[in-house]
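Fold and contact review
Here is what each chain is made of, one letter per residue.
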Amino acid sequence: MLTEYAFWLLSFIAVFSGIATIISKNPVYSVLYLILTFFSIAGHYFLMNAQFLAAVHIIVYAGAIMVLFLYVIMMLNLNQLEVEKRSNILKMLAVASAGLLLVILSGAAHTADALHVNPNKVSPAGMVEDLGIALYRNYLLPFELASILFLAAMVGAVYLSKKNLNETQA
Amino acid sequence: MIILLISALLGVALLALEIFKLRAFMMPLMLLSFMGILAGTVIQWGMSENILNQNMMMMDAFALKSIAILTILASFWLVLQHKNIQATGNGADLYALIAFSFCGALLMTNFTNMVMLFLAIEILSIPLYVLAASNRGNRISNEAGFKYFLLGSVASAILLFGIALIYGATASFDLYVIHDFIAANSTNYLVLTGMGMILTGFAFKISAAPFHFWAPDVYQGAPTPITGWMATVVKGAAILGMYRLFAGAFESGLGFFNGAIAIMVMLTLIIANGMATLQANVKRMLAFSGVSHAGFLLACILIPGFNSQPLMFYVLSYGIASLLSFYVIQSVGQQIGEELHAFDGLAQKSPFTAAIMSLALLSMAGIPPLAGFFGKYYVISGLMGHYTWLTIIMILTSVVAMYYYLKVIFAMYGKNNNGHDFADGNRWALILGGIALIALFALSTLI
């Protein structure tokens, strides 16, 4: 019973803050509402026993990406909303493509079989433990190589932003 | 395993050397590691190793041969270019990035799992985006890096989409499972769409037309040593990985794409050779010539059966000739300029460099005693009877290619000295490359 109340509460917050993200005039408020949306979606993941996904969702989206958004907005000083004039053709195209997406989504929702999940049975897929076993046993090699990839990306980023670079290049 | 460990740790070790201010040891360490990898391929020869028994990587005969070829090219690149890299003053970063991308290049040749393929492609490309922009003071280099990054990430996304579709159809990333699935259902549209998207992503990476638009700008804008690396080791690794995937795991579904690949080869050869004749900048001309060689490399996939010998020989012969010519362009570009008239009368100033450059260009044009001729010969004879129309286009466009290669040779020998001084640079490495171009055909049965 409690989870049902939690579900409705989280859904209300998610939908409300989602709409508020779009309609609020100040970009900073918009970003803050988006963070709220992410938190409520992470709450849904918790309800579905996907703890790891919930934690990663908060860390990656609310933590890293949204801070980046805020940072960019404040850096570029976009506080004042500037409404661009868009041509009518562009508006019509936007409506048409959004309508197409709606048709596809509703068609898919109609025809696709809903996944039958027993909410009382705890699925192991979302638990940190099972994820860790999969990563460190079956996918050990890709996991280690991903660290090489990140190291390479980091070296590259540092190189491109280093200050005291010897600029007498070939 | 030892090959994998050396290549993965090399980049880290180079960074450590920089911390301890042991810059002088970087180049020897890199060369030593390359030799170690080469020795590793010899030791492991004849044994297939399934690394960690995870069905992620298989060091089989194809992988070992490819690794040996890529390592030879990388060592030759290092021997030729190490002074130019050190002259930038940022040797540690550049060497480390090169080492990381080399690790990715090796991974491209031995994956048996789609996850590994994607990681390998990313490890190969991400350092390159930085390397292309590594001449930070230069606007054109920055543009090259940015362009390469944007287009490269779109190509990676398309490739990833293709992998996802194939996973959707087969429920597995394992290439053996995928191979058996395609053999049983060769007209599954989900698989075919996925294959098409992977083909597109790879065609971008090897710069085959109509996905080649980035290549001339990036090759011209990037610092010349990096261009040499991209045009040889990286392109070779990408085509070897593509061959492993398409001629190996996807072989039963390949029939659907043969026509498309043949048309891509045709477009690549015609567009690249046509554009190359119009260029006044020799570096840009060689960039287009590099695109045209991608046509030959791609054509190897059409050769029936899993016969990788033509492809490997082509990668090696084109790679050595290309490294030599980019080295000469680097030294001429540094001392005089990259335009065609910078090469005027080079034979009078330095008969040695002019001779090596001519050798490299003639090899790329496919003149008989040189390695490039045998490379083209194996590809064309493999296709003869199956794609005869394509071989005719290959021969005709090779004649066009002869025109622009000879333009440079004519400028070096036929025109008057333009009055600039010129110093040779790394003589011994150039001699080594020249000998390799002449003697390589003797090794063609070994590959």
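Residues numbered from 1 in each chain as written. Chains lettered and ligands numbered in written order. Predicted model: local features only at pLDDT ≥ 70, side-chain atom pairs only at ≥ 80, totals over all residues. Heavy atoms only, no water.

On the chain A side, the residues contacting the 34 residues of chain B number 26 residues. When the two sides are added together, the surface that chain B and chain A hide from each other amounts to roughly 2700 Å², 70% of it contributed by carbon and sulfur. Summed over the shared surface of chain B and chain A, the result is 1 salt bridge. The salt bridge involving Lys 162 of chain A is made with Asp 93 of chain B; its shortest N-O contact spans 3.1 Å. The tally of links from chain B across to chain A stands at 7 residue pairs in polar contact (both at pLDDT 80 or more). Of all the elements in the fold, those that place two or more residues in the side of chain B that touches chain A are α1 (2–19), α4 (91–107), α5 (114–132) and α13 (309–335) of chain B. If one sorts the elements of the side of chain B that touches chain A by residue count, α5 of chain B sits on top with 8 residues. Residues that form the side of chain B that touches chain A fall into these classes: 22 nonpolar, 9 polar and 3 charged. (Contact = heavy atoms within 4.5 Å. Buried area = accessible area lost by both parts, 1.4 Å probe. Salt bridge = Lys/Arg side-chain N within 4 Å of Asp/Glu carboxyl O. Polar contact = N/O pair within 3.5 Å; in protein donor to acceptor, adjacent residues only side chain to side chain. Helix = DSSP H or I, 4+ residues; strand = E, 2+ residues; numbered from the N terminus. Nonpolar A, V, L, I, M, F, W, Y, C, P; charged D, E, K, R; others polar.)

Residue and element names in this part refer to chain B. Considering all chains together, one arrives at 25 aromatic pairs over all chains under this definition. Summarising the aromatic geometry, the rings of Tyr 148 and Trp 214 are spaced 4.9 Å apart at their centres and angled 15° between planes, so their arrangement reads as stacked. With Tyr 148 in helix α6 (residues 139–170) and Trp 214 in helix α9 (residues 214–221), the pair connects residues that are 66 residues apart, well separated along the chain. The class of Trp 214 is buried, set by a relative accessible area of 2%. Here Tyr 243 and Phe 306 contribute two aromatic rings whose centre-to-centre distance is 5.3 Å and whose plane-to-plane angle is 50°, an arrangement assigned as tilted. Of this pair, Tyr 243 sits in helix α10 (residues 224–249) while Phe 306 sits in the loop between α12 (282–299) and α13, and the two are 63 residues apart along the sequence. In textbook terms, an aromatic cluster arises when at least three aromatic residues are bridged by ring pairs, as seen for Tyr 129, Tyr 148, Phe 149, Phe 204, Trp 214 and Tyr 219. Against the face of Phe 111 rests Arg 244, its NZ or CZ located 5.9 Å from the ring centre. Positioned over the ring face of Phe 352 is Arg 427, at 4.6 Å from the centre of the ring. (Phe/Tyr/Trp six-rings, centres within 6.5 Å; stacked < 30°, edge-to-face > 60°. Buried < 20%, exposed > 50% of the residue type's maximum accessible area, 1.4 Å probe, protein only. Lys NZ or Arg CZ within 6 Å of the ring centre and 35° of its normal.)

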